[in-house]
Amino acid sequence: MTRIHPLRLRLSNAYLLTGDHRPVLVDTGSPGDGQALESGCAAAGVNPRDLALILHTHVHSDHGGNTAEWARRAGCPVSHHAGDRELAARGHNGRLRSVGLRGRLMAPFFSGAAFPSFVADLPATDGQRLDAFGLAATVIYTPGHTRGSISLVLDSGDAIVGDLLMGGHLGGRIRPGKPNFHYFAEDAAEGMRSLDRVLATARGWLHVGHGGPLAHADVARWRAGQRPQSGSSNGQFRS
Ligand SMILES: [Zn+2]
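What you are looking at is a predicted structure, and each value in this text was computed from that prediction instead of being measured.

Please give an account of the pairing of strand β3 (residues 21–26) that cites residues and values.
A large share of β3 lies buried, amounting to five of its six residues. The sheet contact formed by strand β2 (residues 13–19) and β3 spans four bridges and is antiparallel. Paired with Tyr 15 across the two strands is Val 26, which belongs to β3. Hairpin geometry of β2 and β3 is characterised by an intervening segment of one residue between the two adjacent antiparallel strands. Bridge count for β3 against strand β4 (residues 53–55) is three bridges, and the pairing is parallel. Looking across to β4, one finds that Val 24 is bridged to Leu 53. In terms of handedness, the path from β3 via helix α1 (residues 34–43) over to β4 forms a crossover that is right-handed.

Talk me through the side chain of Ser 151; I want residue IDs and the actual numbers.
For Ser 151, the position within the fold is in strand β8 (residues 150–154). Side chain to side chain, Ser 151 and Thr 142 meet in a polar contact 3.0 Å long. Apart from the residues lying within four places of it in its own chain, the contact partners of Ser 151 are Thr 138, Val 139, Ile 140, Thr 142, Ile 160, Val 161, Leu 164 and Val 198.

Can you break down the nonpolar core residue by residue, with the values?
Membership of the largest hydrophobic core comes to 21 residues, with the highest contact counts inside it found for Leu 25, Leu 51 and Ile 54. The set of elements that each furnish at least two residues to this core consists of β2, α1, α2 (67–74) and α3 (85–90). Counting residues per element, this core draws most heavily on α2, at four residues. Apart from the residues lying within four places of it in its own chain, the contact partners of Leu 25 are Leu 7, Ala 14, Tyr 15, Leu 16, Leu 37, Leu 51, Leu 53, Ile 54, Leu 55 and Trp 70. In terms of nonpolar packing, the next biggest core, distinct from the first, is built from 20 residues, Val 153, Met 192, Leu 206 and Trp 222 among them.

Before we move on, can you summarise the coordination of the zinc ion with the specific residues and values?
Within the protein, the zinc ion binds to His 58 (NE2), His 60 (ND1), His 145 (NE2) and Asp 163 (OD); these donor distances fall in the range 2.2 to 2.4 Å. With four donor atoms in place around the zinc ion and angles of 88 to 174° between them, the coordination shape is irregular. Binding-site remark: the zinc ion is held by donors from one chain whose sequence spacing is H-x1-H-x84-H-x17-D. Taken together, the residues His 58 in the loop between β4 and α2 and Asp 163 in the loop between β9 (159–162) and β10 (166–169) connect sequence positions 105 residues apart. Residue classification places His 58 among the buried residues on the basis of a relative accessible area of 1%.

I'd like a rundown of helix α5 (residues 188–201), residues and numbers included.
Between its terminal C-alpha atoms α5 stretches 20 Å, which fits the 20 Å expected from 14 residues at 1.5 Å a residue. Taken together, the buried residues of α5 touch β7 (137–141), β8, β9, β12 (206–208) and α6 (216–224). For α5, the capping residue at the N-terminal end is Asp 187, with a side-chain oxygen 3.2 Å from the backbone nitrogen of Ala 189.

Help me get a handle on the pairing of β10, residues and values and all.
Here three bridges tie β10 to strand β11 (residues 174–180), and the two strands are oriented antiparallel to one another. Directly across from His 169, in β11, lies its bridge partner Ile 174. Between β10 and β11, which pair antiparallel in sequence order, lie four residues; one of them, Leu 170, sits at a positive phi of approximately 50°.

Tell me what's going on with the packing of aromatic side chains, and back it up with residues and numbers.
The full count for this structure, using the stated rule, is three aromatic pairs. Seen from their ring centres, Phe 115 and Phe 118 are 6.4 Å apart, and the 50° between their planes marks the pair as tilted. Of the two residues, Phe 115 and Phe 118, both sit in the buried class. Between Tyr 183 and Phe 184, the ring centres sit 6.1 Å apart and the planes meet at 65°, which makes this aromatic pair edge-to-face. The ring of Trp 70 carries Arg 73 above its face, with NZ or CZ at 4.9 Å from the centroid.

Tell me what's going on with the environment of Ser 149, and back it up with residues and numbers.
Here Ser 149 lies in the loop between β7 and β8. Taking the relative accessible area as the measure of exposure, Ser 149 reaches 6% and is therefore buried. Note: C-alpha distance between Ser 149 and His 56 (93 residues apart in sequence) is 8.2 Å. Beyond its immediate sequence surroundings of up to four residues, Ser 149 is in contact with Thr 57, His 58, Asp 84, Tyr 141, Thr 142 and Pro 143.

The rules behind the values
Each chain has its residues counted from 1, running along the sequence as written. In view of the model being predicted, local features appear only for residues whose pLDDT reaches at least 70, and side-chain atom pairs are presented and counted only at 80 or more, with totals across whole chains, interfaces and linings using the full set of residues. Values shown for side chains rest on all heavy atoms present in the structure; no hydrogens or waters enter the calculation. Think of it in three bands: with a 1.4 Å probe and only protein chains considered, a residue is buried below 20% of the maximum accessible area for its type, exposed above 50%, and partly exposed in between. For the purposes of this entry, the term helix denotes a DSSP run of H or I that reaches at least four residues, the term strand denotes a run of E that reaches at least two, and both are numbered from the N terminus. Note on pairing: two strands pair once DSSP finds at least 2 bridges between them. Handedness of a crossover is defined as follows: orient the strands so they point away from the viewer, and if the path from the first strand over the helix to the second runs clockwise, the crossover is right-handed. Pairs of N or O atoms within 3.5 Å make up the polar contacts considered here, provided that, within protein, one atom can donate a hydrogen while the other can accept it, and that residues adjacent in sequence are counted only when both atoms are side-chain atoms. The criterion used for residue contact is that any of the two residues' heavy atoms lie within 4.5 Å. By convention a nonpolar core is built from buried Ala, Val, Leu, Ile, Met, Phe, Trp, Tyr and Cys residues, the set being connected through side-chain atoms within 4.5 Å. Here the term donor refers to an N, O or S atom within 2.8 Å of the metal (or 3.2 Å for Na, K and Ca), and because water is left out of the atoms, sites may appear incomplete. When four donors show all angles between 85 and 135 degrees the site is tetrahedral, when four or six donors have opposite pairs over 155 degrees and all other angles between 65 and 115 it is square planar or octahedral respectively, and in every other case it is irregular. Helix span, as expected, comes to 1.5 Å for every residue beyond the first. Only the six-membered ring of Trp is used, alongside the rings of Phe and Tyr, when aromatic pairs are assigned; centres must lie within 6.5 Å, and planes under 30 degrees apart are stacked while those over 60 apart are edge-to-face, with the rest tilted. Placement of a positive charge over a ring is assigned whenever Lys NZ or Arg CZ falls within 6 Å of the ring centre and within 35 degrees of the normal to the ring plane.

So yeah, pure geometry; function would need other evidence.
Listed below in structure tokens is the structure:
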């Protein structure tokens, strides 16, 4: 049985997965989060050198910010979906497409964010099982927030979904259990289709990159309340 340890970092959540297998780290936070990652590992009884895999829900500065350094230290493979290869190679978020007014307000603060670039050892692919790493879990391809976003659905029913959704407001600081749009999405409509796949596959908690966790029933109710509105593809949902 795998246990999910949320590591609450400065701007985002990373997740440490432990159990009767070598630990797996999902996302690595922002540059400067190294010490907090270290403390999170220690609290879970994990030595970073024992990591079997560093997997990314997607490659933005607040999710892959320490990957270059941690992969070197852990000596373990790094994985993300090929759709985010350019982001990882560039080490820069680039220009972020905002969702709604909140996104437009936040975009100037995050669009320029840089991080040490890295290259994946393994592609994360739709339907990929992670049993080789001891994890009873399946990767599902959930693009929208970025081209290469994925979710990890554990056989227990819980899922780690990255920035497919956000919990609450102000990066999850207020009402973290309330489903909400993330500030940015390359294609918000595609993100909603990805969310539908997650809702059909996962049965338990949805662990997000900011705030959370989100109850499956709350997310399903929130999703049912979203009605496409006229306008651009990134502005058609209530946020
Ligand atoms: Zn992101």
